[in-house]
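Structural description and commentary
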Amino acid sequence: MSPRAGLTPTRLTEAAADLADGIGFENLTLAALAKRFGVKDASVYSHVRNLQDLRTRVALLAGGEMIDRIAVAVAGRAGKDALAAFAGAYRAYALERPGRYAATQIRIDQTLIAGSPALRRTAEITYGMLRAYGLAEPDLTDAVRLLRATFHGYCALESAGGFGAPRDVQKSWDRAVDALHVALENWPTEESTDD
């Protein structure tokens, strides 16, 4: 393949996401991507600024893919049904696309987030689901953090083989979602600190 044959930022990003799923996001390099296309590293640099730029592009791509799955899963659902559908789609993506999923966990510049329709949609869908529980700020943000920490922690442990007990992992997941539903329905109110 010639250095310029068909390379675009979009094509490179999609290939980098595939590569990350195969070798791990932490092992994604511009050299590995160039090798995949049979070109010199300089050919990749003419389309992406550096490794951080490439990883951010993969994160934005993966975030869009993930929220598309979640949106389909939660459509027409509310309350516990929406939460279970959201959780299931999240977990499926994390386990099926490990490199892409890892990319969704990196910190992204806030100006890029503001300009990303996919990430804005993620906030709309997530916060919309939680508003059905009667939550408002600052509880919405706290609840989002609880869900993200629970889902991410569970998926990270599961993908690493960290659950050794004989209990079925799916049953434990279902119970965790049930527990989150109860927590969201009974969210503690923050005491006012105003005098």
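Whatever comes next refers back to the structure up there.
Cut-offs used in this document
- Residues numbered from 1 in each chain as written.
- Predicted model: local features only at pLDDT ≥ 70, side-chain atom pairs only at ≥ 80, totals over all residues.
- Heavy atoms only, no water.
- Core = buried A, V, L, I, M, F, W, Y, C linked by side-chain atoms within 4.5 Å.
- Buried < 20%, exposed > 50% of the residue type's maximum accessible area, 1.4 Å probe, protein only.
- Helix = DSSP H or I, 4+ residues; strand = E, 2+ residues; numbered from the N terminus.
- Contact = heavy atoms within 4.5 Å.
- Phe/Tyr/Trp six-rings, centres within 6.5 Å; stacked < 30°, edge-to-face > 60°.
- Axes fitted to C-alpha atoms, helices over the stretch in contact; angles between N-to-C directions.
- Parallel < 35°, antiparallel > 145°, perpendicular 65-115°, else oblique.
- Expected span 1.5 Å × (residues − 1).
- 1 Å grid on protein atoms, 1.4 Å probe; cavity = no way out; pocket = protein on both sides within 12 Å on 5 of 7 lines; lining within 4 Å.
- Points joined across faces, edges and corners; volume = space filled by probe spheres on them.

1. A word on the nonpolar core
One finds I70, L83, L130, F151 and L184 to be the most contacted residues of the largest nonpolar core, which totals 34 residues. Elements that contribute at least two residues to this core include exactly α4 (51-74), α5 (79-96), α8 (117-131), α9 (139-159) and α10 (169-185). Among all residues touching L130, those that are not within four sequence positions of it are L135, L140, A143, V144, L147 and L184. Of all hydrophobic cores here, the second largest spans 21 residues; its members include L7, L12, A17 and L54.

2. Some thoughts on the packing of aromatic side chains
According to the stated counting rule, one finds six aromatic pairs in the structure shown. Both rings, one in Y90 and one in Y101, keep their centres 5.6 Å apart while their planes meet at 75 degrees; by these two values the pair is edge-to-face. Highlighted residues: Y90 in helix α5 and Y101 in helix α6 (residues 98-103), separated in sequence by 11 residues. Its relative accessible area of 6% is what places Y101 among the buried residues. Taking the centre distance of 5.3 Å and the plane angle of 50 degrees together, the rings of Y90 and F151 count as tilted.

3. Considerations on the packing of helix α1 (residues 9-23) against α4
α4 packs onto α1 with a crossing angle of 80 degrees between their chain directions and a minimal axis gap of 9 Å. Overall, the two elements α1 and α4 adopt an arrangement that is roughly perpendicular. Between α1 and α4, the residues in contact are P9, L12, T13, E14, A16 and A17 and L54, R57, V58 and L61, respectively.

4. Quick look at the side chain of R100
Following the sequence through the fold, R100 ends up in helix α6. Ignoring any residue separated from it by four or fewer positions in sequence, one finds R100 in contact with E14, A17, D18, D21, A62, E65 and Y93.

5. Examining α5
For α5, which comprises 18 residues, the first-to-last C-alpha distance of 26 Å matches the rise-based estimate of 26 Å (1.5 Å per residue) to within 8%. Packing partners of the buried residues in α5 comprise α4, α6, α8, α9 and α10.

6. Quick look at the layout of surface pockets
To locate leftover empty space, one rolls a probe as large as a water molecule over the atoms. Quantified by volume, the largest pocket comes out at close to 1000 Å³. Forming the walls of the largest pocket are 27 residues, and the residues nearest its centre are T104, L119, T122, V144 and R148. Among the elements of the structure, α4, α5, α7 (110-114), α8 and α9 are those that each provide at least two residues to the lining of the largest pocket.

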